[in-house]
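An overview of the molecular structure
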Number of protein chains: 2
Amino acid sequence: MVEKQDLTPHSTFADLTVAQLLAALSSPDPTPGGGTAAAIAGAIGTSLLVMVTGLAKSRNNLADEKAALAKARAALGPITSRLTELADADAQAFNAVMAAYRLPKATDEDKAARTRSIQAALRGATTVPLETLRACVDAAAHGRVVADYGNQSAASDVGVASGLLKAAAEGAASNVRINLGGLKDEAFTAAAEAETARLLAALADQDSR
Amino acid sequence: MVEKQDLTPHSTFADLTVAQLLAALSSPDPTPGGGTAAAIAGAIGTSLLVMVTGLAKSRNNLADEKAALAKARAALGPITSRLTELADADAQAFNAVMAAYRLPKATDEDKAARTRSIQAALRGATTVPLETLRACVDAAAHGRVVADYGNQSAASDVGVASGLLKAAAEGAASNVRINLGGLKDEAFTAAAEAETARLLAALADQDSR
């Protein structure tokens with residue numbers, strides 16, 4: 001099956017120029033959509049935090065503050081990469097859902113196979129934004145260390161990063177919940193909803209500190 | 001004077017790949033920083049809204065609903081372009097501030113010239129994020145029409161867009177206020193602060209509807 005996104009010469013959104021990404025998001029094609037946008041916004045916020053981990057607070061930063069910044073830096077780099085992968089995975093997962101809905105439903109066998117495919121695809125379309133949510137909450141947690149020990153001249157960069165990570169996390173959570181709405185596996189649904197609520201609570205807790 | 005950003009072969013962030021943009025944001029160089037990130041996040045949110053203006057609610061959308069969506073679409077495209085330009089302008093404005101602070105201050109004449117340059121540069125570094133804030137608030141206002149008349153299957157895309165525009169607007173406002181803090185022109189400062197407050201209030205008002 002040929003998906004519309006296969007028409008572009010790029011296999012990953014990270015390789016698109018910013019202008020091409022904006023054009024792809026603007027197109028009426030369903031992907032890339034909000035899930036991809038949230039993951040990329042999360043990657044942008046995470047990258048800003050990485051920048052600030054490279055700016056020591058002052059020349060006489062305490063050794064343990066430098067160690068904390070270095071630890072945050074080591075954790076945040078891979079989160080940026082992870083979020084760019086999730087930007088791709090989100091579009092693929094959503095395309096799989098649409099492909100499943102387009103399966104034939106002429107016979108009872110068709111219908112049963114189509115239902116199974118839709119359920120499997122919706123599970124994927126839930127797991128991907130849940131991972132995006134988790135990555136954004138992880139990055140935001142490291143953001144506390146960056147805010148405390150990074151150079152205060154970059155405080156507004158940390159502020160922008162936190163705002164983008166929060167928006168990305170909430171967008172991802174909303175995508176998890178929409179796709180959970182179509183799932184019939186109650187145990188999976190309950191576990192995913194509990195994890196979503198836990199991650200959002202962790203984010204709110206960081207925010208209020 | 002050669003700015004660090006001149007070392008890259010690109011003159012506009014829109015021409016960087018997403019991976020290159022993330023690497024540039026991650027680098028400890030002060031630009032691109034939060035102002036550029038906010039403008040690009042705003043452009044991502046605006047692009048998502050453009051996507052939804054291309055998805056009619058249903059085949060029997062009322063004529064006035066279609067007209068409202070078309071009007072929003074026509075307004076949102078240029079806002080996306082404006083925000084990508086502001087991403088570049090923000091880095092340039094911040095570089096100008098840093099260049100002014102590096103001017104010589106050996107003599108009284110030097111000092112006076114340096115002060116004038118810093119004040120002029122800070123004014124630019126205030127005007128640019130104020131324009132970013134304005135563009136994000138404008139886009140968010142059109143988002144209400146998109147939410148009301150766009151296809152409901154894209155409701156989560158509109159939600160992600162609204163969250164990103166809000167985060168971008170708040171980040172831009174915080175950059176306006178930080179740079180206002182260094183300005184001596186009280187009339188300019190008061191006017192810019194009043195406009196920032198007005199735009200944030202308009203955003204909050206949209207949000208609560």
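Glancing now at the packing of helix α5 (residues 155-180) of chain A against helix α2 (residues 34-53) of chain B. Contact pair α5(A) / α2(B): the axes reach a minimum separation of 8 Å and the direction vectors enclose 25°. In terms of orientation, α5(A) lies roughly parallel with respect to α2(B). Every pair of crossing elements has a handedness; the one defined by α5(A) and α2(B) is left-handed. Contact with α5(A), carried on its side by Asp157(A), Val160(A) and Leu164(A), involves Gly34(B), Ala37(B), Ala38(B) and Ala41(B) of α2(B) and no other residues of that element. A breakdown of the residues in the contact of α5(A) with α2(B) according to their chemical character gives five nonpolar, one polar and one charged.

A few words now on the relation of the copies chain B and chain A. Note on the identical chains: chain B maps onto chain A by a rotation of 180° and an axial translation of 0.0 Å, with an RMSD of 0.0 Å. On this basis, the relationship between the two copies can be described by a two-fold rotation axis. In terms of proximity to the rotation axis, the leading residue of chain B is Thr17(B), whose C-alpha is 1.8 Å off the axis. The fraction of interface residues of chain B whose copies in chain A are also interface residues reaches 100%, indicating that both copies meet through the same surface.

Once that is clear, we can look at unusual backbone geometry. Along the chain, Thr31(A) connects to Pro32(A) via a cis peptide bond; the corresponding omega equals -5°. Mapped onto the elements of the fold, Pro32(A) is located in the loop between α1 (18-26) and α2 (34-53).

Turning our attention to the interface of chain B and chain A. Opposite the 42 residues of chain B that make contact, chain A presents 42 residues. The interface formed by chain B and chain A contains zero salt bridges. The interface formed by chain B and chain A holds 15 residue pairs in polar contact (both at pLDDT 80 or more) in total. Broken down by element, the residue count for the side of chain B that touches chain A peaks at 11 residues, all from α2(B). Considered class by class, the residues forming the side of chain B that touches chain A number 25 nonpolar, 14 polar and three charged.

The rules behind the values
Residues numbered from 1 in each chain as written. Chains lettered and ligands numbered in written order. Predicted model: local features only at pLDDT ≥ 70, side-chain atom pairs only at ≥ 80, totals over all residues. Heavy atoms only, no water. Axes fitted to C-alpha atoms, helices over the stretch in contact; angles between N-to-C directions. Helix = DSSP H or I, 4+ residues; strand = E, 2+ residues; numbered from the N terminus. Parallel < 35°, antiparallel > 145°, perpendicular 65-115°, else oblique. Left-handed = near helix turned anticlockwise from the far one by under 90°. Contact = heavy atoms within 4.5 Å. Nonpolar A, V, L, I, M, F, W, Y, C, P; charged D, E, K, R; others polar. Least-squares fit on C-alpha atoms with pLDDT ≥ 70 in both. Salt bridge = Lys/Arg side-chain N within 4 Å of Asp/Glu carboxyl O. Polar contact = N/O pair within 3.5 Å; in protein donor to acceptor, adjacent residues only side chain to side chain.

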